[in-house]
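Coordinate inspection notes
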Amino acid sequence: MSLIVLCAGGHARVVIEALLSRGIRPAAVADPDAARIGQAIGGVKITGSDDDVLKMAPGEVELANGLGNRASRSDSGLSGRRALFDRFAERGYKFPVISHASAVIASDAQLGDGAQLMAGAVIQPAARIGRNVLVNSRAVVEHDCNVGDHAHIAPGAVLCGGVSIGESVHVGAGAVVLVGVKVGAGAVVAAGAVVTKDVAAGGFAGNE
């Protein structure tokens, strides 16, 4: 079955590289910008738009979410990535788990549909990674953590044991969330922050 990457942004290059590390070459990339059709990203041609993908039967193709996010203090920036995933998943399209060959994944870790584990990511025993979650380069999800759907654990971030991350949370690059801390849905953890106490839904944790 062929695989198509949705959205030809910077994150799509990382997704393509992860696939190539496993010997999987995407058939194409789809992007909403018609001006980009015919160009290539990561050596893979942009052949059409999302609407062109929707003309294919869900059983004919698998999809990879190539849309990343850009968080701010007040917004995790993940709504677009979530909407893109939901648009296709609700129509029956499948998003396989994608993991770079260098990712370390415990044998009993649970990985939701469309989870993406980038180069050097570490997922420890009894961790649960939700649907459409992005665990970015060299991020660590320790034992017994629960990462909710559509969250982004940015490069180099560390979730210590038993951490709970809500849906659509952004944990910034190099941040550390300490043992047992709960971060509510839609919250933002700033890059480099050390989080020692729970963060409310929609809240912000970082250096003031």
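First things first, this report covers the structure right here in the doc. (Residues numbered from 1 in each chain as written. Predicted model: local features only at pLDDT ≥ 70, side-chain atom pairs only at ≥ 80, totals over all residues. Heavy atoms only, no water.)

1. Details of the overall build of the protein
In terms of helices and strands, the protein carries 3 helices and 23 strands. For the protein, the spread of C-alpha atoms along the principal axes amounts to about 50 × 35 × 30 Å. Buried residues in the protein amount to 48% of all 208 residues. Counting contacts in the protein only where the partners sit at least 6 residues apart, residues at least 24 apart contribute 30% of the total. Taken as two groups, the 18 positive and 19 negative side-chain charges of the protein have centres that lie 4 Å from each other. (Helix = DSSP H or I, 4+ residues; strand = E, 2+ residues; numbered from the N terminus. Buried < 20%, exposed > 50% of the residue type's maximum accessible area, 1.4 Å probe, protein only. Contact = heavy atoms within 4.5 Å. Lys, Arg positive; Asp, Glu negative; His and termini not counted. Charge placed at Lys NZ, Arg CZ, Asp CG, Glu CD.)

2. A short note on the pattern of salt bridges
Counted by the stated rule, this structure contains 5 salt bridges. When the shortest N-O distance is used, the salt bridge between Asp52 and Lys55 registers 3.5 Å. One salt bridge connects Glu167 with Arg82, and the closest N-O pair in it is separated by 3.2 Å. Of the two residues, Glu167 sits in the loop between strand 17 (164-165) and strand 18 (170-171) while Arg82 sits in helix 3 (residues 79-89), which places them 85 residues apart along the sequence. The exposure class of Arg82 is partly exposed, given its relative accessible area of 29%. (Salt bridge = Lys/Arg side-chain N within 4 Å of Asp/Glu carboxyl O.)

3. Describing the pairing of strand 1 (residues 2-6)
With 4 of its 5 residues buried, strand 1 lies for the most part within the structure. Of the pairings in the sheet, the one linking strand 1 to strand 5 (residues 61-65) comprises 5 bridges and is parallel in character. In the strand pairing of strand 5, Val5 is matched with Ala64. Note: strand 1 against strand 2 (residues 28-30), 3 bridges, orientation parallel. Bridge pairing links Val5 to Val29 in strand 2. This β-α-β element, strand 1 to helix 1 (residues 10-21) to strand 2, shows right-handed connectivity. (Pairing = 2+ DSSP bridges. Right-handed = clockwise from strand over helix to strand, strands pointing away.)

4. Observations concerning the sheet that holds strand 19 (residues 176-177)
Strand order in the open sheet formed by 6 strands is 7-10-13-16-19-22, with parallel pairing between adjacent strands. The open sheet is flanked by strand 7 (104-105) and strand 22 (194-195), the only strands paired with a single partner. The sheet contact formed by strand 10 (residues 122-123) and strand 13 (residues 140-141) spans 2 bridges and is parallel. Within the sheet, the bridge partner assigned to Ile123 lies in strand 13 and is Val141.

5. Quick look at the sheet that holds strand 18
The strand order across the open sheet built from 7 strands is 6-9-12-15-18-21-23, with neighbouring strands paired in parallel fashion. Whereas interior strands pair on both sides, the edge strands pair on one side only; in this sheet they are strand 6 (98-99) and strand 23 (204-205).

6. Quick word on the nonpolar core
For soluble globular proteins, nonpolar side chains are generally found buried alongside one another. Counting residues in hydrophobic clusters, the biggest one holds 34 residues, and the most contacted among them are Val135, Val141, Val147, Leu159, Ile165, Val171 and Val183. Among residues more than four places away in sequence, those in contact with Val183 are Ser164, Ile165, Gly166, Val169, Val177, Val189 and Val199. With 16 residues, the next largest nonpolar core counts Val5, Ala12, Ile41 and Ile98 among its residues. (Core = buried A, V, L, I, M, F, W, Y, C linked by side-chain atoms within 4.5 Å.)

7. Some remarks on helix 1
Compared with the 16 Å implied by 1.5 Å per residue over 12 residues, the 17 Å span of helix 1 between its first and last C-alpha is a close match. Among all positions in helix 1, only His11, Ala12, Val15, Ile16, Ala18 and Leu19 are buried. The buried residues of helix 1 occupy an angular sector of 160° when projected down its axis, which confines them to one face. Immediately downstream of helix 1, the backbone of Gly23 shows phi near 80°, a positive value. (Expected span 1.5 Å × (residues − 1). Arc of directions from axis to C-beta.)

8. Let's talk about the packing of aromatic side chains
Under the definition given, this model contains 2 aromatic pairs. Ring geometry for Phe85 against Phe95: centres 4.5 Å apart, planes inclined by 40°, an arrangement best described as tilted. With a gap of 10 residues between them, Phe85 in helix 3 and Phe95 in the loop between helix 3 and strand 6 connect regions that are remote in the sequence. With relative accessibility at 6%, the residue Phe95 sits in the buried group. Taking 5.6 Å as the distance between ring centres and 80° as the angle between the ring planes, the aromatic pair formed by Phe88 and Tyr93 counts as edge-to-face. (Phe/Tyr/Trp six-rings, centres within 6.5 Å; stacked < 30°, edge-to-face > 60°.)

In short, the description is geometric, and any link to function would need to be established separately.
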